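Summary of the model geometry
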Amino acid sequence: MEHIILLFFSFFTEAVILWQYASSLFTPSHSSKIRLALLSTLYAIMFLLSLLGQTGLNIISFFVINTAFLYALFKLKLLLALFHSAILTAIMGISELAVFGIMSRFFPHFLLEAGVGLVFYTVFSKIFFFAIIYLLIHLFKGKKANQEQYDHSELLLMLIPVSSVFIIFTFIAIGETSSFAAPVDFMVTICSVFLLMVNLLVFGINQYNQKKSQEFTDMQLLLQKESDSVEYYEMMLSQNENQSILIHDIKKHLQSIKLLNEQKASDKINAYIQQLMESSDLKETVKICDNEMLNAILCRYQRQCNDKHIVFHADIRSGTVQNIHQHDLTSLFCNLLDNAVESAENIPDSFIELTVQKKENSPFIIIIVINSCRSTPVYDHDGLPVSHKTGKDRHGFGIKSIKKVVKQYQGNLQMYYDNNSGTFHTIITLK
């Protein structure tokens, strides 16, 4: 029974180390739930095979199962998955042999103890394995050309497994010189197991904090982008106001031109007209809806669509968005149209249709976006599309921003792909 418990503990530790290794270095191709389920299944199979007591079979199964996990659940080619699986297998074997050699050389009597000695050997080898893998993770991270952020101060965390190895050495040395009393040997054994768990937990929390910190930074950048967009559209509104003032004053400008004409000052007339023509206040604006901020947003995306040869059509019913704050209008419609333009780009005869209308006899407004889309997107557990860009941890915040606005206005968000028409549909209901 004790042997089975130690085997289970060993495979659990190796599974956690593999998860840490793969998650730190590679881009996953499936969700965390799928990865965790497959990892548990694969290591359960490996645990059952280990009960046969065949060392060669254990090594082969470790190599094959790690390869299957890396290749199936991460964006890796088969040869690269085989390479990293071979590294993990070699380091695991070397760590166990090294620990066995050290204990045989310096603590032979302690190694022969059936209970405590075997536990210490298992914990010692796994801490040693974990320390080497963690160091290897940072070596590979440092060499990655596309690594945007790499903090060398994380190497200070190596002090934890190094200190753990020293503590294990101390326990073994004490056990070699003097045997532990009955309750003490159990307590020391449990301490060694807890020591390994603390190592794994500390590094797991560190990775989780890094991920959350990166998400927070990206969200702050997104909020800054939205703030800049609001300022941009407010500037456009100011320009429209200046244009209205200029049109109001056009009679005065004509009177001035008439006066210069009576003076036969053709050069001054030309200079005056040229100055008016070059004024930014005379640039053409388009009336798409009655909300000035949304109109400025739609004018911008209409120009983008014209440049990219995308047919853009908008039907915004009067008075539908007057209760939505300007920064929420910017967040919602800019992210919706950014995604639509990106999806419809480089597709022949592509189009984007935007409809905003009020639902009769209710306080709800309905926003519908239909755009051309080349292929069926991948959806997450909420039924929303997942970003196909590289570095998924750095993308997908547009959808999160849309969800935030929808939740704020007690609404509902639905997205789906129509295979028959090759179009992507977004339906939003806001209160």
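About the criteria used
Residues numbered from 1 in each chain as written. Predicted model: local features only at pLDDT ≥ 70, side-chain atom pairs only at ≥ 80, totals over all residues. Heavy atoms only, no water. Helix = DSSP H or I, 4+ residues; strand = E, 2+ residues; numbered from the N terminus. Buried < 20%, exposed > 50% of the residue type's maximum accessible area, 1.4 Å probe, protein only. Contact = heavy atoms within 4.5 Å. Areas by Shrake-Rupley, 256 points an atom, 1.4 Å probe, with all protein chains shown as cover. Salt bridge = Lys/Arg side-chain N within 4 Å of Asp/Glu carboxyl O. Pairing = 2+ DSSP bridges. Axes fitted to C-alpha atoms, helices over the stretch in contact; angles between N-to-C directions. Expected span 1.5 Å × (residues − 1). Polar contact = N/O pair within 3.5 Å; in protein donor to acceptor, adjacent residues only side chain to side chain. Patch = residues over 30% accessible without salt bridge, like charges linked within 9 Å, V, L, I, M, F, W, Y side chains within 5 Å. Parallel < 35°, antiparallel > 145°, perpendicular 65-115°, else oblique. Left-handed = near helix turned anticlockwise from the far one by under 90°. Nonpolar A, V, L, I, M, F, W, Y, C, P; charged D, E, K, R; others polar. Phe/Tyr/Trp six-rings, centres within 6.5 Å; stacked < 30°, edge-to-face > 60°. Lys NZ or Arg CZ within 6 Å of the ring centre and 35° of its normal.

Bringing the overall build of the protein into the picture now. Counting secondary structure elements, the protein contains 13 helices and five strands. A burial count over the protein gives 39% of its 431 residues as buried. Long-range contacts, defined as pairs at least 24 residues apart, comprise 69% of the intrachain contacts of the protein with a sequence gap of at least 6. Here the protein displays about 24,600 Å² of accessible surface, and carbon together with sulfur accounts for 61% of that area.

This part takes up the pattern of salt bridges. Under the defined criterion, the tally for this structure stands at three salt bridges. We note a salt bridge from E14 to K126, for which the minimum N-O separation is 2.5 Å. Here K126 lies in helix α6 (residues 116-143) and E14 lies in helix α1 (residues 2-25), a separation of 112 residues in the sequence. Of the residues examined, E14 reaches a relative accessible area of 5% and is grouped as buried. Of the charged contacts in the structure, one is a salt bridge between R317 and D315, with a shortest N-O distance of 3.2 Å. Relative accessible area serves as the criterion here: at 41%, R317 is assigned to the partly exposed category.

Quick look at the side chain of S10 now. By secondary structure assignment, the location of S10 is in helix α1. Judged by its relative accessible area of 11%, S10 falls in the buried class. Leave out the neighbours within four places in its chain, and S10 touches T122 and K126.

Tracing the backbone through its elements, the reader meets L57 in helix α3 (residues 55-73). With 11 residues separating them along the chain, L57 and M46 place their C-alpha atoms 9.5 Å apart. Once you skip the residues sitting within four places of it in the chain, L57 turns out to touch L49 and L52.

In this section: the sheet that holds strand β5 (residues 423-430). Read across the sheet, five strands follow the order β1-β2-β3-β5-β4 without closing on themselves; strand pairing throughout is mixed. Two strands in the sheet have a free side with no partner beyond their single neighbour: β1 (311-316) and β4 (412-418). On average, each strand axis in the sheet is tilted by 10° relative to the strand beside it, whichever way the strands run. Bridge count between β1 and strand β2 (residues 351-358): six bridges; the pairing is parallel.

To continue, consider helix α11 (residues 292-307). Taking 1.5 Å of rise per residue, 16 residues should cover 22 Å, and α11 covers 23 Å from first to last C-alpha, within 8% of that figure. Buried residues of α11: M293, L294, N295, A296, I297, L298, C299, Y301 and C305, and no others. The opening residue of α11, the one whose side-chain oxygen lies 2.9 Å from the backbone nitrogen of L294, is N291. Backbone geometry just downstream of α11 places H309 in the positive-phi region, at approximately 60°.

Take a nonpolar patch on the surface next. Nonpolar side chains collect at one region of the surface, where Y71, L78, L79 and L82 lie side by side and expose about 410 Å² of accessible area between them. At three residues, helix α4 (residues 78-106) tops the list of elements feeding residues into the nonpolar patch. Note that L82 resides in helix α4.

Our next topic: the packing of α11 against helix α12 (residues 326-344). Relative orientation and spacing of two packed helices are given, respectively, by the angle between their axes and the distance between those axes. In contact at an axis separation of 10 Å, α11 and α12 are set at 15° when each is read in the N-to-C sense. The angle between the axes of α11 and α12 places the two elements in the roughly parallel class. As for the relative orientation of α11 and α12, their crossing is right-handed in sense. Taking contact as the criterion, the partners of M293, L294, I297, L298, Y301, Q304 and C305 in α11 are, on α12, Q326, L329, T330, F333, C334, L337, D338 and V341. Counted by class, the contact of α11 with α12 contains 11 nonpolar, three polar and one charged residues.

This part covers the packing of aromatic side chains. Counted under the stated rule, the structure contains five aromatic pairs. Between F11 and F47 the ring centres are 6.3 Å apart and the planes differ by 85°, which places this aromatic pair in the edge-to-face class. Residue F11 is found in helix α1, and its partner F47 is found in helix α2 (residues 32-50); the two are separated by 36 residues along the sequence. Of the two residues, F11 and F47, both sit in the buried class. Grouped by ring-pair contacts, the aromatic residues Y21, F26, F69 and F74 constitute a single cluster. The ring of Y301 carries R300 above its face, with NZ or CZ at 5.6 Å from the centroid.

Turning next to the packing of α2 against α3. Orientation of α2 relative to α3, taken along the N-to-C sense of each, is 170°, at an axis distance of 10 Å. Between α2 and α3, the crossing angle belongs to the class labelled roughly antiparallel. Residue-level contacts link I34, R35, L38, L39, L42, Y43, M46, L49 and S50 of α2 to L57, N58, S61, F62, I65, N66, F69, A72 and L73 of α3. Here the contact of α2 with α3 is composed, by residue class, of 13 nonpolar, four polar and one charged.

This next bit is on unusual backbone geometry. Phi at D349 is positive, roughly 55°, even though this residue is not glycine. Within the element layout of this structure, D349 appears in the loop between α12 and β2. Accessibility expressed as a relative area gives 76% for D349, which makes it exposed. With a phi angle near 50°, Q410 is a residue other than glycine that sits in the positive phi range. Here Q410 shows up in the loop between α13 (397-408) and β4. For Q410, a relative accessible area of 58% corresponds to the exposed category.

Attention now moves to the pairing of strand β3 (residues 365-372). Among the eight residues in β3, seven count as buried, and that is most of the element. Relative to β3, β2 is paired through seven bridges, and the arrangement is antiparallel. Among the inter-strand pairings, K358 is bridged to a residue of β3, identified as I365. Taking the residues between adjacent antiparallel strands as the criterion, β2 and β3 are bridged by six residues, where N361 takes a positive phi near 55°. Examined bridge by bridge, β3 and β5 share eight bridges and lie antiparallel to one another. By the bridge assignment, I366 is partnered in β5 with T429.

Purely geometric numbers; function is a separate question.
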